[in-house]
Amino acid sequence: MRRQPRIGIIGAAHLAHAISYGQCLQRAGATVVGVYDPDPRLCQAVAGRLVDVPVFNDQEVLIGQQSLDAVVIAGTTDQHLVSVRYAAAAGLHVLCEKPLATNLENAQEIARVCEAAGVQLHVAFVCRFYPMVQEVQRVLLERPADPIVGMVGGNRGRPPLPPGYPHWITDPKHAGGGALLDHAVHVIDVMRYVSGAEVTRVRAEAGTLFCSGLAVDDAALLLLEFTNGMVASIDPSWSVPAGSRYHYDFYLRILTGSGYLDLDDRREALEVTSDKHAGRPTTLLPFGKSVDSRMIEHFLDCVATQRFVQPAASGEDGVKAVEVALAAYESAELGVSVELPSSPVRERT
Amino acid sequence: MKVAILGAGFIAHAHAAAYASLPGVELKLVADPRQAEAHRLAAAYGATPVSSASDVWESDVDVVSVCTPTPTHAPLSIAGLQAGKHVLCEKPIAGSLTDAVAMLEAARTAQHHGIHFMVGHVSRFEPDHLAAKTVVDQGDIGHLRMASQSITGPFPTWSSGGWFADPSQSGGPVVDLAIHSFDYLAWLFAAPPSRVSAVGVSRQVPLPSYVLCTIRFEGGGLALVEVSWAHPRTSGLAVRTELVGTAGRITWNYDDIAAVRVTEEGSAPRNILMPGSNSFADEIRSFLASIKNGTPVPVTAEEALTALQIALAANDSLRTGQPVEVYNGTPQAPQVGEVEANP
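Because the structure is predicted, anything quoted here is derived from the model rather than measured. (Residues numbered from 1 in each chain as written. Chains lettered and ligands numbered in written order. Predicted model: local features only at pLDDT ≥ 70, side-chain atom pairs only at ≥ 80, totals over all residues. Heavy atoms only, no water.)

Draft legend 1. Region of interest: the interface of chain A and chain B. Listed per partner, the contact involves 42 residues of chain A and 36 residues of chain B. Between chain A and chain B lies a buried interface of about 3200 Å² when both sides are counted; carbon and sulfur atoms form 59% of it. The tally of links between chain A and chain B comes to five salt bridges. As a salt-bridge pair, Asp262(A) and Arg240(B) come within 3.1 Å of each other at their nearest N and O atoms. Run the count over chain A and chain B and you get 14 residue pairs in polar contact (both at pLDDT 80 or more). (Contact = heavy atoms within 4.5 Å. Buried area = accessible area lost by both parts, 1.4 Å probe. Salt bridge = Lys/Arg side-chain N within 4 Å of Asp/Glu carboxyl O. Polar contact = N/O pair within 3.5 Å; in protein donor to acceptor, adjacent residues only side chain to side chain.)

Draft legend 2. Main features of the sheet that holds strand S5 (residues 93–96) of chain A. Residues and elements named next belong to chain A. Taken together, the six strands give an open sheet; going across it, the order is S3-S2-S1-S4-S5-S6, and neighbouring strands pair in parallel fashion. Lying at the two open borders of the sheet, with one neighbouring strand each, are strand S3 (55–56) and strand S6 (121–123). Summarising the sheet, strand S1 (residues 6–10) and strand S2 (residues 31–36) pair through five bridges and their orientation is parallel. Within S2, the position partnered with glycine 8 by the bridge is glycine 34. The strands touched by helix H9 (residues 291–305) are S1, strand S4 (70–73), S5 and S6; relative to S5, the strand with the most contacts, the crossing angle is about 165°. (Pairing = 2+ DSSP bridges. Helix = DSSP H or I, 4+ residues; strand = E, 2+ residues; numbered from the N terminus. Axes fitted to C-alpha atoms, helices over the stretch in contact; angles between N-to-C directions.)

Draft legend 3. Region of interest: a nonpolar patch on the surface. Where nonpolar side chains cluster on the molecular surface, the patch consists of Leu270(A), Leu285(A) and Phe287(A) and spans about 280 Å² of accessible area. If you trace the backbone, Phe287(A) turns up in the loop between strand S14 (282–286) and H9. (Patch = residues over 30% accessible without salt bridge, like charges linked within 9 Å, V, L, I, M, F, W, Y side chains within 5 Å. Areas by Shrake-Rupley, 256 points an atom, 1.4 Å probe, with all protein chains shown as cover.)

Draft legend 4. Expanded view of the confidence of the model for chain B. Put simply, chain B has an average pLDDT of 92, and 95% of its residues get 70 or more. This model gives residues 330–343 of chain B a pLDDT under 50, and the stretch forms 33 contacts once residues within four places in sequence are excluded. (pLDDT = per-residue confidence, 0-100.)

Draft legend 5. Examining the pairing of strand S10 (residues 222–228) of chain B more closely. Residue and element names in this part refer to chain B. Among the seven residues that make up S10, seven are buried, leaving the element largely enclosed by the rest of the structure. Residues Leu222, Leu224, Glu226 and Ser228 of S10 are buried on one face, and the alternating residues Ala223, Val225 and Val227, pointing to the opposite face, are buried as well. Inspection of the sheet shows strand S7 (residues 144–152) paired to S10 by seven bridges, in the parallel sense. Its bridge partner being in S10, methionine 146 is matched across the sheet by leucine 222. Hairpin connection of strand S9 (residues 208–217) to S10: four residues between the antiparallel strands, including glycine 219 at a positive phi of 95°. (Buried < 20%, exposed > 50% of the residue type's maximum accessible area, 1.4 Å probe, protein only.)

Draft legend 6. Molecular detail of the sheet that holds strand S2 (residues 26–31) of chain B. All names here are of chain B. With respect to topology, six strands assemble into an open sheet ordered S3-S2-S1-S4-S5-S6, the strand pairing being parallel. The open sheet is flanked by strand S3 (48–50) and strand S6 (117–120), the only strands paired with a single partner. For this sheet the average axis-to-axis angle between neighbouring strands, irrespective of direction, equals 20°. Pairing between strand S4 (residues 63–66) and strand S5 (residues 86–90): four bridges, direction parallel. Counterpart to valine 64 in the pairing with S5 is valine 87. Those strands touched by helix H1 (residues 10–20) are strand S1 (2–6), S2, S4 and S5, and its axis lies near 170° from that of S1. Running over the sheet, helix H11 (residues 279–293) touches S4, S5 and S6 and is turned about 155° from S5.

Draft legend 7. Looking closely at unusual backbone geometry. All names here are of chain A. Here lysine 98 and proline 99 are connected by a cis peptide whose omega angle stands at -15°. Looking at the secondary structure, you find proline 99 in the loop between S5 and helix H5 (104–117). The phi dihedral of serine 67 falls on the positive side, at around 50°, and the residue is not glycine. Tracing the backbone shows serine 67 in the loop between helix H3 (59–64) and S4.

Draft legend 8. Representation of helix H12 (residues 301–320) of chain B in the model. Residue and element names in this part refer to chain B. An ideal rise of 1.5 Å per residue puts 28 Å on 20 residues; H12 measures up with 28 Å between its terminal C-alpha atoms. Judged by how many residues are buried, H12 sits mostly within the fold: 16 of 20 residues are covered. The first or second residue beyond H12 is glycine 321, which carries a positive phi of 75°. (Expected span 1.5 Å × (residues − 1).)

Draft legend 9. Seen up close, the state of the cysteines. Residue and element names in this part refer to chain A. Inspection of the entire model under this criterion finds zero disulfides over all chains. Here cysteine 96 is not cross-linked by a disulfide; its sulfur's nearest cysteine counterpart is in cysteine 114, at 8.2 Å. The class of cysteine 96 is buried, set by a relative accessible area of 0%. (Disulfide = S-S within 2.5 Å.)

Draft legend 10. Layout of the nonpolar core. Counting 102 residues, the largest nonpolar core has Val194(A), Leu222(A) and Leu224(A) as the members making the most contacts within it. A per-element tally of this core places helix H8 (residues 179–195) of chain A first, with 10 residues. In this structure, Leu104(B), Ala107(B), Ala191(B) and Ala198(B) belong to the second largest nonpolar core, which totals 82 residues. (Core = buried A, V, L, I, M, F, W, Y, C linked by side-chain atoms within 4.5 Å.)

Spelled out as structure tokens, the structure:
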């Protein structure tokens, strides 16, 4: 029997994700060797939700001295590169929170460092792991003669404000942007994944429309053109009202030359109304295995077999999503279209 | 009240049925150079078919519905107003800003003589659209900040001689169909548009038949409009809308809006008792009430011009590949015929 993989959690700034990934790792039988964050309260918050996980106040110690196989990086976006460098230098595989970085140079450097060290780099694009997304990717792949005409996608969430969310998520220095960068990367990635095409031109609008005083955008709309001729729109806004039945959504509507696909994660849920739920009596309760679990299990498989396979999102996927999101910011700011380096359509594998 | 309808095509039938449903209204004339069509529509409602608009101008009708192809809206509406007829012009107001501005001026002149001009943006009269407008205006969702509307369907088969497929005639789905969304959203935001972007794909017809469009309104409001003449024929016309404010959200979807869904052996499920089925009658009733009471019409030429400005800016954005700034009051957008597909 194979030894259980030994994983370190590096950074807990994405607190909810760090806890979820940690729980998924332990459920999947991995050993969570430790959790590091510069903020000891965040370390404790993660460790307190996991079983027997020590906390570290120095990531070099956790990465370098604990015989790890891989790390899960969930620190602030601007700190991803630092952590990836330590991990790659130690020969550890990496699952990095999205977006990969706050700027294109750092995102590319993260991908380069991992490639040079020969370690796997997975980017936490969890939306790929929805069975509905994988099924649609398969359906489209099976119909190469049926052109994709257009896609309408969205990933909206509640405004990630304190106290429910950490302060840094709406701090441009640490997060690199607002709703556009935070959520559009998921949808950009899924559109690339299911179409096999790359974005060639971006137009966008962005603004702070819901939470006055926020230093980052909380609303945006993107219009994209792709190498395969299709067009797409993305709504990544933090526009889910407090009383909503759900915290976030993920949807994708796809028009092809011969038909129409309509994906919505809100359908795969029970509508539960309970008089015992104060404030929000009706909620959507998703059923089935979570995308976090699916992604973590796949990551562990790739680590165990020493093979990076789809649907994992690669460093290149992470870089491309950041590139498109940053082009969208440029378009919104300057009021012009932004062209992206046109790369050939990838082989769908 | 005596009425004439110019045009005897698809939308003219909807107007005729609506007039027929209203008390005290007599549909007297149906004018269309295509005699068979004019006869068919006139016969169904006990009206007299005529072959030219001048027969209508010389008649004693009070009200004229302009239900002809878009490029003829301006000359017919202006001639009707000058002949002293109240004019209800189908949407879009026109295919070009030049035409629309001329109509606006004619409407203002006619107003001085107690003659009314209205553009038939029927969406505003659909009960669902109207209810959402009320909720927004009451402030129940706070300040409206974002909106999206999708109007998707198959390519319309009913245009005479296929004029819908000719960009110089119809302006494509952006000018012909998304104009509903542009009018409705501008009405909701109650602010002029400032920037419009669009991307599109051409399918089957020589114009972008699937278009995604963003609109920025003054004050920062953002809207997304998806419009399609490229959806599968079996899917029918689908409309879905989302309005998000600082304190809440409104969503609805035509798939779910009818109280009765019927599924018969061998055919796709269909909705009956769609809430909007009386909207043309409601639109016409409110136009006739404005005439009778001498009150402002519910959809003004100015508002219809704004919707057209957005549509033409979207087509301009499709053509240039760039966002288009909308300068209110100084129409600079291109004519409908300049539309082409994105490369």
